[in-house]
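# Observations on chain architecture
The chain contents come next:
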Amino acid sequence: MLFRSATLADGRRRDVRVRGEAIDAVAEDLEAGPDERVVDATGKRLLPGMIDVHVHFREPGYGHKETWETGSRSAAAGGVTTVVDQPNTDPPTVDASAFDGKTAYAEQSLVDFGINGGVTADWSPAELFECPLFALGEVFLADSTGDMGIETRLFEAALQQARRNDVTVTVHAEDASEFNLSARERDDADAWSAYRAAAAEEVAVRRACELAVEHDAQIHVAHTSTPVGVTLADSTGMTCEVTPHHMLLSRDDLRELGTFGRMNPPLRREKRRQRVYELVADGTVDCIATDHAPHTREEKDTSIWDAPSGVPGVETALPLLLAEVREGDLTYERVRDLTATNPAEIFDLARKGTISEGTHADVVLVDPGNSREIRGEDLHSKCDWTPFEGWRGIFPELTMVRGRVVYERTPDGEESFGDPIGENVRVHQEADPAERLVER
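This report concerns the structure included in the present document. As the structure is a computational prediction, the values presented were derived from the model and not from experiment. (Residues numbered from 1 in each chain as written. Predicted model: local features only at pLDDT ≥ 70, side-chain atom pairs only at ≥ 80, totals over all residues. Heavy atoms only, no water.)

### Let's talk about the pattern of salt bridges
- All chains considered together, the criterion is met by 24 salt bridges.
- In this structure, Asp-112 engages Lys-352 in a salt bridge whose closest nitrogen and oxygen atoms are separated by 2.9 Å. Of this pair, Asp-112 sits in strand β8 (residues 112–115) while Lys-352 is found in the loop between α13 (332–346) and β14 (363–366), placing the two residues 240 residues apart along the sequence.
- Looking at Lys-352, the relative accessible area reads 7%, which means it is buried.
- Its salt-bridge partner being Glu-270, residue Arg-273 comes within 2.9 Å of it at the nearest N-O pair. With Arg-273 and Glu-270 both in helix α10 (residues 270–281), this residue pair falls three residues apart, about one helical turn.
- On the basis of relative accessible area, Arg-273 is assigned to the buried category, the value being 13%. (Salt bridge = Lys/Arg side-chain N within 4 Å of Asp/Glu carboxyl O. Helix = DSSP H or I, 4+ residues; strand = E, 2+ residues; numbered from the N terminus. Buried < 20%, exposed > 50% of the residue type's maximum accessible area, 1.4 Å probe, protein only.)

### Let's talk about α13
- With 15 residues, α13 extends 20 Å from end C-alpha to end C-alpha; this agrees with the ideal 21 Å at 1.5 Å per step.
- Maximum bend of α13: about 45°, positioned at Leu-338.
- The buried fraction of α13 is high, at 11 of 15 residues.
- Where α13 is concerned, the buried positions are Tyr-332, Arg-334, Val-335, Asp-337, Leu-338, Thr-339, Ala-340, Thr-341, Asn-342, Pro-343 and Ala-344.
- Elements in contact with the buried residues of α13: β5 (45–48), β6 (50–55), α10, β13 (287–288) and α12 (317–326).
- Looking one or two residues past α13, Asp-348 carries a phi angle of roughly 60°, positive in sign. (Expected span 1.5 Å × (residues − 1). Bend = angle between axes of the 7 residues up to and from the residue. Contact = heavy atoms within 4.5 Å.)

### Some thoughts on the side chain of Thr-82
- Along the chain, Thr-82 turns up in strand β7 (residues 80–85).
- Here Thr-82 falls in the buried class, since its relative accessible area comes to 0%.
- The contacts of Thr-82, once residues within four sequence positions are left out, are Met-50, Ile-51, Asp-52, Val-111, Asp-112, Phe-113, Lys-352, Asp-362 and Val-425.

### Digging into the environment of Val-427
- Considering the arrangement of structural elements, one finds Val-427 in helix α14 (residues 425–428).
- Judged by its relative accessible area of 49%, Val-427 is partly exposed.

### Side note on helix α2 (residues 96–106)
- Buried residues of α2: Ala-98, Phe-99, Lys-102 and Ala-106, and no others. The buried residues of α2 occupy an angular sector of 100° when the element is viewed end-on, so they sit on one face.
- Its side-chain oxygen placed 3.4 Å from the backbone nitrogen of Ser-97, Asp-95 serves as the N-cap of α2. (Arc of directions from axis to C-beta. Polar contact = N/O pair within 3.5 Å; in protein donor to acceptor, adjacent residues only side chain to side chain.)

Printed below as a string of structure tokens:
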């Protein structure tokens with residue numbers, strides 16, 4: 001395939017040739033070959049596909065909420081070309097058997113994937129580190145969906161194991177001793193945010209970073225929701241992610257969202273949200289990840305204390321960020337770094353995250369002038385709802401994974417999906433793209 005006159009994130013207008021699984025050339029005025037499909041990308045942006053390092057595709061165990069097929073279709077339609085699944089499934093991904101079992105489900109994925117290993121009292125590090133593991137975690141320092149919260153001593157043991165095996169530890173940082181128990185007397189939607197207070201994250205991030213430094217380990221703080229949490233990670237040489245919901249939504253939105261706005265960590269006050277946004281824009285935050293955590297409408301439509309925590313987001317993250325660019329609050333280069341280049345660097349994905357010769361042809365084509373209203377019924381996640389109902393997003397016209405089109409949308413709105421070609425990035429990266437092409 002040849003993308004003709006595409007505008008890259010940095011503003012350069014280039015032709016981009018895809019051959020096999022890789023980007024073959026990025027240059028001006030390339031001649032189209034007789035066997036190439038030519039895509040006129042004039043006036044459009046060609047971006048590296050998003051690497052979402054934090055999703056919950058729910059299988060095995062919770063296929064009524066999401067499956068690898070529906071989750072990866074949602075990812076492809078949102079311009080996400082690599083996802084990283086978290087371990088709080090049933091069974092949890094804490095040993096080789098569970099890892100292999102999840103891998104079998106992941107064979108239905110349209111996009112590339114990584115699988116994280118979990119840490120519990122029953123985990124088997126010797127087995128896990130023999131698997132093609134993406135990272136360790138998210139390690140839960142307080143209970144969330146799946147009840148996998150652990151004590152400090154076990155967290156330290158995980159840090160030591162990870163350092164010996166040169167694996168990053170991703171951390172869900174909340175300290176339950178800082179929860180506001182008086183909020184349990186309330187039953188309004190804001191009670192969850194009051195209960196899991198900002199101090200719970202701040203104390204946990206500080207302690208996690210201190211322990212990481214002490215043990216010479218590298219941690220990545222998941223779904224950081226407070227300015228203090230972000231700056232603590234940055235100041236200690238650790239990395240962090242922010243979700244679109246913590247970046248764009250606040251406790252003010254809970255009046256409309258109700259229990260559908262319950263997640264861990266919870267939404268914060270508007271002033272904190274604004275400061276987190278500033279830290280995303282100025283380069284302090286390393287990456288955007290969705291914490292895509294779908295539940296059914298029926299499960300969410302109950303009391304604030306009974307509703308499960310989590311919201312879907314894998315399909316709307318990149319479109320929302322591109323809409324922010326259109327409003328002038330972010331740049332295309334910053335979005336590229338947040339969603340692709342930085343995640344690839346943090347997690348050592350040498351052939352992903354950029355549009356350059358020799359890298360995987362994981363690309364997304366978007367028309368910046370074409371935004372549309374976000375509606376849950378139009379999305380492809382099995383849960384069929386979104387906390388961003390009514391917002392506007394700039395969605396992909398085409399999504400490609402390693403040179404194969406996995407999603408395409410025509411000007412009249414007709415959609416088509418490719419085959420499930422996703423592969424474990426820790427296995428796939430061992431072979432050079434040119435060598436794989438010769439082998440095939």
